[in-house]
Amino acid sequence: MSINKKKHSTDWDESVAEKILQEKKGVPGALLPILHALQEKFGYIAPEFVPTVAQALNLSRAEVHGVISFYHDYRQTPPGRQVIKICRAEACQSMAGRNLENHAKQKLDVEYHGTTPSGDYTLEPVYCLGNCACAPAMMVDDKLYGRVTPEKFDALLDKKGKAS
Ligand code: FES
């Protein structure tokens, strides 16, 4: 089983971002839906777009920035070509999940929310992937993996490397 390569649309496009903003700015509590849609589209929210969002919603830049910073799921820099999410919830922690986390950080040489210098991987924590019976679990882009040992983690990355 190899890791599927998923293309993120990480090239920020001001006109597309503006269109998203215009489409959603009228809905109640528009800030979160706008940020969500931007993140969904580009994989991150460009900091230079924050003033535009703030102005459209009649908020201060600090308010918008505060929301982006508060939610760890919102990125302010482009993600790696693949996003690896490791489960940190209880069932996985009880099945050597901590060991997997440490191994992944060491192997990729990044901390959580970090991206490898090559731009290949971003490492993120997640709290339950609904795969508790096969703990410890992780997800690479949209693909779920269970009973992930450090060896399995390495094998998945190696296979991915050969496939790309
Ligand atoms: S606790 Fe890890 S998948 Fe549920």
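Just so it is clear, the structure is predicted and the values come from calculations on it, not from any experiment.

Engineer: For this particular structure, what's the right way to read the domain arrangement of the protein?
Structural biologist: How big an interface is tends to be reported as the loss of accessible area on association of its parts. Taken domain by domain, the protein holds domain 1 (14-70) and domain 2 (82-163). Computed from C-alpha coordinates alone, the two centres of domain 1 and domain 2 are separated by 29 Å.

Engineer: Sorry if this is basic, but what is going on with the sheet that holds strand β4 (residues 143-145) here?
Structural biologist: Sheet strands associate in pairs through backbone hydrogen bonding, adopting either a parallel or an antiparallel arrangement. As summarised here, the arrangement of the four strands in space is β2-β1-β3-β4, forming an open sheet in which the pairing is mixed. Each of the sheet's edge strands pairs with one partner strand only, and the pair in question is β2 (121-126) and β4. This sheet shows a mean twist of 20° between the axes of neighbouring strands, independent of strand direction.

Engineer: Help me out: how do you make sense of the pairing of strand β1 (residues 82-87) in this one?
Structural biologist: In summary, the side chains of a regular strand alternate between the two faces of the sheet. For β1, the tally of buried residues reaches five of six residues, placing the bulk of the element in the interior. Pairing between β1 and β2: six bridges, direction parallel. Residue pairing for β2: Gln82 is matched across the bridge by Tyr121. Taken together, the three bridges between β1 and strand β3 (residues 138-140) define a ladder with antiparallel strand orientation. Residue pairing in the sheet places Lys85 in a bridge with Met139 of β3.

Engineer: Is there a simple way to think about the nonpolar core in this case?
Structural biologist: As a rule of thumb, soluble globular proteins bury nonpolar side chains together. The biggest cluster of nonpolar side chains holds 22 residues, and the ones touching the most others in it are Trp12, Ile34, Leu38, Phe49, Val53, Val64 and Ile68. Among the elements of the structure, α1 (14-24), α2 (31-42), α3 (50-57) and α4 (61-70) are those that each provide at least two residues to this core. The leading source of residues in this core is α2, at six residues. Leave out the neighbours within four places in its chain, and Val64 touches Leu31, Val50, Val53, Ala54 and Leu59. Judged by nonpolar contacts, the second largest core, of 16 residues, contains Ile84, Leu108, Tyr112 and Tyr145.

Engineer: Explanation requested: the pairing of β2 in the structure shown.
Structural biologist: Across the six residues of β2, six count as buried, placing the element largely inside the fold. With burial as the criterion, each face of β2 is covered, one bearing Tyr121, Leu123 and Pro125 and the other bearing Thr122, Glu124 and Val126.

Engineer: How should the environment of Gly43 be read in this particular structure?
Structural biologist: Examined against the element boundaries, Gly43 turns out to sit in the loop between α2 and α3. Separated by 32 residues in sequence, Gly43 and Arg75 place their C-alpha atoms 7.2 Å apart.

Engineer: Before we go on, may I ask you to explain the side chain of His103 in this structure?
Structural biologist: With respect to the helices and strands, the residue His103 is situated in helix α6 (residues 97-108). A residue is classified by how much of its surface remains accessible, and His103, at 19% relative accessible area, is buried.

Reading the values: rules and limits
Residues numbered from 1 in each chain as written. Predicted model: local features only at pLDDT ≥ 70, side-chain atom pairs only at ≥ 80, totals over all residues. Heavy atoms only, no water. Domains from an automatic or database assignment. Pairing = 2+ DSSP bridges. Helix = DSSP H or I, 4+ residues; strand = E, 2+ residues; numbered from the N terminus. Axes fitted to C-alpha atoms, helices over the stretch in contact; angles between N-to-C directions. Buried < 20%, exposed > 50% of the residue type's maximum accessible area, 1.4 Å probe, protein only. Core = buried A, V, L, I, M, F, W, Y, C linked by side-chain atoms within 4.5 Å. Contact = heavy atoms within 4.5 Å.

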